[in-house]
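# Tertiary structure, described
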2 protein chains.
Amino acid sequence: MQTSPLATPFPDMPPIDGVELRVSRARYKTWDRCDLTFVTLAEGTTVAGVLTQSRCPSPEVEWCRAALTLGTARALVVNAGNSNAFTGSRGRAAVEAIAARVAATHACKPSDVFVASTGVIGVPLPVDKAEAGLDAAFTAAPCGWLDMAETIGTTDTFPKGASTTAVVDGRTVTLVGVIKGSGMIAPDMATMLGFVFTDAAVDPAFLQRALTAANAPSFSCITVDGDTSTSDTVLAFATGKAGNRPLTDDDSLGADAFRAALADLCRQLALLVVRDGEGATKLIRIDVDGAESDRSAHRIAMSIANSPLVKTAIAGEDANWGRVVMAVGKAGEPAERDSLSIRFGATQVASGGLAVEGYDEAPVASHLKGQEVEIGVDLNLGEGRATVWSCDLTHGYISINADYRS
Amino acid sequence: MQTSPLATPFPDMPPIDGVELRVSRARYKTWDRCDLTFVTLAEGTTVAGVLTQSRCPSPEVEWCRAALTLGTARALVVNAGNSNAFTGSRGRAAVEAIAARVAATHACKPSDVFVASTGVIGVPLPVDKAEAGLDAAFTAAPCGWLDMAETIGTTDTFPKGASTTAVVDGRTVTLVGVIKGSGMIAPDMATMLGFVFTDAAVDPAFLQRALTAANAPSFSCITVDGDTSTSDTVLAFATGKAGNRPLTDDDSLGADAFRAALADLCRQLALLVVRDGEGATKLIRIDVDGAESDRSAHRIAMSIANSPLVKTAIAGEDANWGRVVMAVGKAGEPAERDSLSIRFGATQVASGGLAVEGYDEAPVASHLKGQEVEIGVDLNLGEGRATVWSCDLTHGYISINADYRS
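Just so we're clear, the structure is a prediction, and the values are computed from it rather than from any experiment.

A tally of regular secondary structure across chain A gives 11 helices and 15 strands. Computed over its C-alpha atoms, the radius of gyration of chain A comes to 22 Å, within 12% of the 22 Å expected for a compact globule of 406 residues. Seen through its principal axes, chain A has C-alpha atoms that stretch 70 × 50 × 35 Å. In chain A, which comprises 406 residues, the share counted as buried stands at 61%.

Before going further, it helps to examine the domain arrangement of chain A. Residues and elements named next belong to chain A. Considered domain by domain, chain A is made up of domain 1 (19–275) and domain 2 (283–402). Each partner contributes residues to the interface: domain 1 has 12 residues there, and domain 2 has 14 residues. Taken over both partners, the interface formed by domain 1 and domain 2 buries close to 1,100 Å², and the fraction arising from carbon and sulfur atoms is 59%. For the pair domain 1 and domain 2, the interface holds one salt bridge. A salt bridge links E372 to R275; the nearest nitrogen and oxygen atoms lie 2.5 Å apart. Our count for the contact surface shared by domain 1 and domain 2 stands at one residue pair in polar contact (both at pLDDT 80 or more).

On to the interface of chain B and chain A, then. Taken together, the 61 residues of chain B in the interface contact 61 residues of chain A. Summed over both partners, the interface of chain B with chain A comes to about 4,900 Å²; 59% of that surface belongs to carbon and sulfur atoms. On the chain B side of the contact with chain A, R55, F86 and R337 of chain B bury the most area, a combined 18% of that side's loss. The tally of links from chain B across to chain A stands at four salt bridges. With a closest N to O distance of 3.1 Å, E62 of chain A and R337 of chain B form a salt bridge. Linking chain B with chain A are 17 residue pairs in polar contact (both at pLDDT 80 or more), by the criterion used here. Of all the elements in the fold, those that place two or more residues in the side of chain B that touches chain A are helix 1 (59–68), helix 2 (88–106), helix 8 (308–315), helix 9 (321–330), strand 13 (354–355) and helix 11 (395–402) of chain B. Sorting elements by how many residues they give to the side of chain B that touches chain A places helix 9 of chain B first, with eight residues.

Residues and elements named next belong to chain B. For the structure shown, the criterion picks out one cavity of 30 Å³ or more. Taken together, L309, V310, A313, I314, D318, N320, R323, V324, F344 and I375 form the lining of the largest cavity. Those elements that place two or more of their residues in the lining of the largest cavity are helix 8 and helix 9. Looking at side-chain class alone, the lining of the largest cavity contains seven nonpolar, one polar and two charged residues.

All names here are of chain B. Across the sheet, which stays open at both edges, the six strands sit in the order 13-12-11-14-10-15 with mixed pairing between neighbours. Bordering the open sheet on either side are strand 13 and strand 15 (384–391), each of which pairs with just one other strand. Sheet topology places strand 11 (residues 341–344) next to strand 14 (residues 372–378); four bridges connect them, and they run antiparallel. Opposite I342, over in strand 14, you have V377 as the bridge partner. Against the sheet, helix 9 makes contact with strand 11, strand 12 (347–351), strand 13 and strand 14, and its axis sits at roughly 130 degrees relative to strand 11, the strand it touches most.

Laying chain B over chain A is done by rotating through 180 degrees and shifting 0.0 Å along the axis; what remains is an RMSD of 0.0 Å. Given the turn and translation reported, the copies of this chain are related as if by a two-fold rotation axis. Minimal C-alpha distance to the rotation axis in chain B is attained by H395 of chain B, lying at 2.8 Å. Counting the interface residues of chain B, we find that 100% of their copies in chain A are interface residues as well, pointing to one common contact surface.

Bringing the state of the cysteines into the picture now. By definition, a disulfide links the sulfur atoms of two cysteines through a covalent bond. As enumerated under the stated definition, the model contains zero disulfides over all chains in all. As a non-bridged cysteine, C64 of chain A has C108 of chain A as the owner of its nearest cysteine sulfur, 14 Å distant. Between C56 of chain B, a cysteine without a disulfide, and C64 of chain B, which holds the nearest cysteine sulfur, the sulfur-to-sulfur distance is 18 Å. Using a relative accessible area of 1% as the deciding quantity, one classes C56 of chain B as buried.

Across all of its chains, the model carries 10 aromatic pairs over all chains by this definition. Between F197 of chain A and F237 of chain A, the aromatic rings sit 5.4 Å apart at their centres with planes inclined by 20 degrees, giving stacked as the arrangement. With F197 of chain A in strand 8 (residues 193–198) and F237 of chain A in strand 9 (residues 233–238), this pair connects stretches of sequence that are 40 residues apart. Of the two residues, F197 of chain A and F237 of chain A, neither departs from the other in class, the shared state being buried. Note on F38 of chain B and F138 of chain B: the rings are 5.0 Å apart at their centroids and 65 degrees apart in plane angle, and the pair reads as edge-to-face. Here F38 of chain B is found in strand 2 (residues 36–41), whereas its partner F138 of chain B is found in helix 3 (residues 127–138), with 100 residues between them in sequence. Judged on exposure class, the residue F38 of chain B and its partner F138 of chain B are both buried.

By the secondary structure assignment, A335 of chain A is in the loop between helix 9 (321–330) and strand 11 (341–344). As a C-alpha pair, A335 of chain A and N380 of chain A span 45 residues in sequence and 8.7 Å in three-dimensional space. In contact with A335 of chain A, other than residues within four places in its own chain, are V328, L379 and L381 of chain A together with R55 of chain B.

On to the packing of helix 11 (residues 395–402) of chain A against helix 8 of chain B, then. For the pair helix 11 of chain A and helix 8 of chain B, the least separation of the axes is 8 Å and the interaxial angle reads 65 degrees. Taken together, the axes of helix 11 of chain A and helix 8 of chain B lie roughly perpendicular to each other. Two packed elements cross with a definite hand, and for helix 11 of chain A against helix 8 of chain B that hand is right-handed. In contact with Y397, I398, N401 and A402 of chain A of helix 11 of chain A, helix 8 of chain B contributes P308, L309, T312, A313 and A315 of chain B. Class assignment of the residues belonging to the contact of helix 11 of chain A with helix 8 of chain B gives a composition of seven nonpolar, two polar and no charged.

This part covers helix 2 (residues 88–106) of chain A. The end-to-end C-alpha separation of helix 2 of chain A is 28 Å, in line with the 27 Å expected for 19 residues at 1.5 Å each. Where helix 2 of chain A is buried, its residues touch strand 2 (36–41), helix 1 (59–68), strand 4 (75–82), strand 5 (113–120) and helix 3 (127–139) of chain A together with strand 13 of chain B. Looking one or two places after helix 2 of chain A, you find A107 of chain A, whose phi comes out positive at around 50 degrees.

About the cut-offs
Residues numbered from 1 in each chain as written. Chains lettered and ligands numbered in written order. Predicted model: local features only at pLDDT ≥ 70, side-chain atom pairs only at ≥ 80, totals over all residues. Heavy atoms only, no water. Helix = DSSP H or I, 4+ residues; strand = E, 2+ residues; numbered from the N terminus. Rg over C-alpha atoms; globule rule 2.2 N^0.38 Å. Buried < 20%, exposed > 50% of the residue type's maximum accessible area, 1.4 Å probe, protein only. Domains from an automatic or database assignment. Contact = heavy atoms within 4.5 Å. Buried area = accessible area lost by both parts, 1.4 Å probe. Salt bridge = Lys/Arg side-chain N within 4 Å of Asp/Glu carboxyl O. Polar contact = N/O pair within 3.5 Å; in protein donor to acceptor, adjacent residues only side chain to side chain. 1 Å grid on protein atoms, 1.4 Å probe; cavity = no way out; pocket = protein on both sides within 12 Å on 5 of 7 lines; lining within 4 Å. Points joined across faces, edges and corners; volume = space filled by probe spheres on them. Nonpolar A, V, L, I, M, F, W, Y, C, P; charged D, E, K, R; others polar. Pairing = 2+ DSSP bridges. Axes fitted to C-alpha atoms, helices over the stretch in contact; angles between N-to-C directions. Least-squares fit on C-alpha atoms with pLDDT ≥ 70 in both. Disulfide = S-S within 2.5 Å. Phe/Tyr/Trp six-rings, centres within 6.5 Å; stacked < 30°, edge-to-face > 60°. Parallel < 35°, antiparallel > 145°, perpendicular 65-115°, else oblique. Left-handed = near helix turned anticlockwise from the far one by under 90°. Expected span 1.5 Å × (residues − 1).

What follows is the structure, given as structure tokens:
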């Protein structure tokens, strides 16, 4: 698979005190690459997560949802090449076997072991391969973020990670995230698989609130194809090694800084997924203003972001704002045709219910030739606003998905 | 444009007493083909319609919505090549000018003139071309259904029509329909442009109820790309020339037969649109059973029908039922993963929350190689059911829409 033209280089990311990474070959598919990631977390690590809203979630998602209620974590296992979704009791047994093996060898409770898997749906994760892979990982040398980012990927064309820092209680804390995802992306609550690690000390309830808040304008605002995965998972782990007094609520010293850093990190990670959207050649940012509410603005923005006709027009570098009108109209949200205005980049192309007469097409054409396209819609109804990100729909998407075989 | 591989021959369709068809060249685009259809309807013709639910409808849609409240019709004008949508007061003025010109020359009220337009969004319909086209049509020789079906088309690759009969009050009445549509198809309430004509005598309120009922399982159950047009219009005209006592309510002689015939006709027309879906190579029928309600079944079926991953899998003849699970899961409707079953054609491939062990892949592969693919989902929750039709998503769709220029 060719690297996405929207790819960005993997950044230099610092280690997180209390987090150790290892990878191994479980060979879930007939490939010769690492596909199992094993992360150990220092005692006292807290955890939060957001998971798919799919009604048909994988057993991994159900496992994490249950384990998250306890708020503590000691290990994370990520399998790539098999999502283990829709595999009945055999799938559930595989997750339990993984957690039991880690718990037995690492002196922790099974519920402290988080598990995520990604890949083909409907094939039970082979327990023997998982156990052999785990055993190999247990004895492997620790590795770095790039290894983890590469190991959790499947159809991804480039490894994706981001990091940031915040000052909390006088200490500089670090936040690092890695993520995978390229197709079946309309996370709604989370994206394919994303993992955030920090050395900050954070109470699990506060970490969960901060992650939920960070998720809303990031992972919940991206789409590649409008298809929501059965396995979407974002987990955040806080080892507490930075030595700050634990963040417990909004009044804790540094709570604002931590929340802002986490939100920034999630936004960076989410955008990396869109940049690796299947077949994508352009990153599309859609801003909707003046809607009746933020929720309404989000639904209109997503209607535009998921419209195959808008996405193919952008692929063709065609300033076809009529298709944007269509997508606003079909969203089912309050909209007044005759007060609607639309821009591409900085150029207003339609306003007051019709085309802006004699608008300058040159800056629009040049904006659409770029790799980052902005569509702005102002409904002029209220104060609601939203920003979402999508990518164009190209022959590449068809080739990847019509030729895909499990 | 190459003819869709799913095309069917245009049928032999009888004239309808009280309906006269004429076509002309208004030259809305730089093409040398007829693009204006003018239909005159006998005095006493009743009319019913279903129109797009878009919040940004064309002025034609608004005009028809207002005129439908009166229930009578004397003429229909259809413009192809320009939808006149999102054109402000100039677009409204163009529709009024068309209705006024027909009313003046044909001794009827402007509100008896129905107008529909299809084509590019955002360019006001040129009144001078419309008027010249109308004048040419007024003096043209009457033509047949095939001429009308070809004249109302835009990106359609084949002309589409269907007819049927019913015995009402001892008389055989005839129903004929023509339709256009290929992309921007998720009609919700109606499809791009469809016109039904009958010589039956039908009270307009009854005609409206029958059309609304016929629309629900036909036009509202098809999708090509999930994109709802700003111009979707289906109108049904009844000239009354068959001489039956007018159908006024459910107890009228022949009411059941007429409703069944109208429903059958709408279903035939709707399927023709999917058969001409942009880039389509396969017609996909999706049956959902066992849902909590019919409405829930419909939403799940549409989630499958609109999933780019399901549609590309069918294009690739890949029995990727995991993507069907995904689409069920994302629909947001009640679903129990572990009681879900899925079939391709007649072969059960997943059941009870996992793959059917050792199912015979040969009939599935052979079914997927055909032009008509059936996906069946049983939720095993309740009695709700729905059937919808879609088509596959291919390179053809991308070529048509990424290269399209107004």
